[in-house]
Structures are given as structure tokens and as C-alpha cells.
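For reference, the chains in residue letters:
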Amino acid sequence: MAFRVLALPICGSLLVVVIVLAIVVPLLFTSAASQCKHPPTIFIFGDSNSNTGGLVVGLGFPINLLNGQTFFHRSTGRLSDGRLVIDFLCDLKTNFLNPYLDLLEGSNFTNGENFAIVGSSTLPKFDPFSLNIQVMQFVRYKARTLELVLAGSTNMISEERFKNALYMIDIGQNYLSAAFAANLSDLQLTKRLKFWIHNTGPLGCLPQKLVLIEEKDLDPHGCILRYNNAAKLFIEGLLETCHKLRSELTDATIVYVDIYSIKYDLIANSSKYGNFSNPLMMCCGYGGPPYNYDRNITCSEPGHEDGIHYTKAANTIVVSKVLSKTYSSPGTAFDFFCQ
């Protein structure tokens, strides 16, 4: 048995990955889950890094195997071979989040909602589900839900649970990509809300970018300096915004998670996580070294281009670091929202 990697880069020793899966993550999950007294309510806004099927149900866009093969054993609309970071976090003490537009039988919206959709950006340009649209969808969803509660519905999220829910934001990568391709908000908040905010990953380390960009200055670990520097500027602005929000929303909890450092560490120190001799090389791609990426011959079905998204094996390591609190500011345990 071996892990097949759709995008990242991590393509090596099964033994160490199994150790992470079987020892490190369960311990972190058990510790966090043991503190949860009530099932959490989670609302997440973002892009493909947290999309659990929104593109499929929203636009009917097909996302087929190899996506979903290692855990779900079928495609669920996620751009990964297995679970995403949000899925692992939901494993603490709740169910996986359904996409907002999924109205098919069996959908469960009692534990929150996933508004994240593939391709979403922070700015409303040509993207039908940019961040402002996701927020508008949430506002409408909340208003209609509370109407149904007042009408007597008991299987819905109450106003109290909306107040005590965790609001996660994981977006920014597509904005940076579009900005480079082109050469280059208002959000209503309530006191005492809880926010879990991820910054963006190292854009310059993605195999797709490394192949498509012909003239590039690389850092010591083989990533595009210009792209990663832009990601860092974005992160500086996001961090400053978080500081401002904390001063304005003194009763709110705003946790900022440094996803960039977590993911860059997977590249820069790949040997710590197993025998990953080629951390920038796709396992299931085509073309051979150095990136094994050919945009005309992809891992999945025709029309689906990758080289961007992380596998279950990589996401497992990412979530173990998220739960460690080392990369969070303030260093708040993820289970703070379900006390």
C-alpha cells in the first residue's frame, strides 16, 4: 500500500506517515476531543483547501477519482485523495460539514455549514462564490434558519448555537494566483464570536507554479521567491487585520493560525517526515523529475488540473501541527469553542 499524492509534494516513506497517522494525530485528537463537552457548531468560509463538495453541488462540475480514494473510496467533491484539514478537525467531536448548497437526501446541517468552494477568492471578480458571496449566503442561511426555529422546527441551529459557533476563514491563495496571472468587505460581526483564521500557504512551492513559470528565482528549497514573498505580504496584512479586530471586538476570540510556516516546513525539512527525497515532485503525475507535472496529462479525469492540492498524508501532518498550538496566535487549543 502507498500514498498517491495529487499535489504536494510529499511522496515517500510510508512508515513515518503511518507513525504520524497512528500515534501523533490520534493522541492530539484524543486530548482535544476529551475536552469537548458539547458537539461543536462550525461555519467555514474559503476556497478549495476547505471545499467539501461545494463546486459539485453549486455548478455541477465533476470531480472524480483519484480524489477521495484513500478514505471515502469515492469522490466527494474534495480536491484531495482523502480528508482535508477541516475534516480532521471535525473528527474531534462532530460530523463532516456538508456544503451549503447540498440539498440531497442525507445532508446534515445541524452541526454547521461549509461555504467554502473551489476557486473562491477574497475579491468579487469573475468568481461566482467569492468571499463576499459566501458571507451573503451565510446571512441568508442564518435568517432563514432562525425563522424556521421560531416556527417550531427543532432540528435546526438555534440562535444560541450561532452565537457560540466557531467561524473559520481559510482563503487567499486564489487571490494571489490571479494577481500574478494579471501581472500585477465588509463582514458583519457580533461580540463574543469565535474565529479561527488560517493564513495562506507557500504559493511558490506548488508543482503547478514551478512548471508554468519559466523565469523564476528559487529559494534554497526550490520554491519561487517572488510568489512566496507575495504570500508573506498577504499574510502580514491578514495578521495586522487580526490585531485590529481583536482591539475592536474585545469580547471575541480570534485565533490566527500560521499555515504558511506549517506547509513550508514540510518542504524545507521533508526528511523529518520520512524519506521524501523529492518534496516538490508529484507522486501520481507525469513527466518525471524535477516536478513530475504535466498540465496536459493529469492524475484525475480529463479537464481536472492539479499540482495545487494536498493529500490526506500531508493534511494529516498539517492538522497535527495545527492542534499542537505551536503555530496559533494566541496559543489557544482548538477545543476552546466546544467547552
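Residues numbered from 1 in each chain as written. Predicted model: local features only at pLDDT ≥ 70, side-chain atom pairs only at ≥ 80, totals over all residues. Heavy atoms only, no water.

- The protein chain goes by GDSL esterase/lipase in an unreviewed UniProt entry, where it is assigned to Erythroxylum novogranatense.
- For the protein chain, the Sequence similarities (unreviewed entry) comment in UniProt is given as "Belongs to the 'GDSL' lipolytic enzyme family." (UniProt positions renumbered as here; feature names shortened; annotations may be inferred.)

### With respect to the packing of aromatic side chains
Okay, step 1: Tallying each qualifying case throughout the model produces 19 aromatic pairs.
Okay, step 2: Considering the side-chain rings of F72 and F96, the 5.7 Å spacing of their centres and the 65 degrees angle between planes classify their relative orientation as edge-to-face. With a gap of 24 residues between them, F72 in the loop between α2 (54-59) and α3 (85-90) and F96 in the loop between α3 and β2 (112-114) connect regions that are remote in the sequence.
Okay, step 3: On the accessibility criterion, F96 (24% relative accessible area) is partly exposed.
Okay, step 4: Measuring from ring centre to ring centre gives 6.0 Å for F115 and F138, while their planes differ by 85 degrees; the resulting arrangement is edge-to-face. On the criterion of sequence distance, the pair formed by F115 in the loop between β2 and α4 (131-150) and F138 in helix α4 is long-range, its members being 23 residues apart.
Okay, step 5: For F115, a relative accessible area of 1% gives the class buried.
Okay, step 6: Through a chain of ring-to-ring contacts, the aromatic side chains of F43, F45, Y100, F115, F138, Y141, F162, Y167 and F195 assemble into a single cluster.
Okay, step 7: Directly above the ring of F71 sits R83, whose terminal nitrogen or CZ lies 4.0 Å from the centroid. (Phe/Tyr/Trp six-rings, centres within 6.5 Å; stacked < 30°, edge-to-face > 60°. Helix = DSSP H or I, 4+ residues; strand = E, 2+ residues; numbered from the N terminus. Buried < 20%, exposed > 50% of the residue type's maximum accessible area, 1.4 Å probe, protein only. Lys NZ or Arg CZ within 6 Å of the ring centre and 35° of its normal.)

### Some thoughts on the environment of P99
Okay, step 1: Among the secondary structure elements, P99 is positioned in the loop between α3 and β2.
Okay, step 2: Relative accessible area serves as the criterion here: at 4%, P99 is assigned to the buried category.
Okay, step 3: With 10 residues separating them along the chain, P99 and F109 place their C-alpha atoms 8.9 Å apart.
Okay, step 4: Beyond its immediate sequence surroundings of up to four residues, P99 is in contact with T52, G53, G54, V57, F109, E113 and N114. (Contact = heavy atoms within 4.5 Å.)

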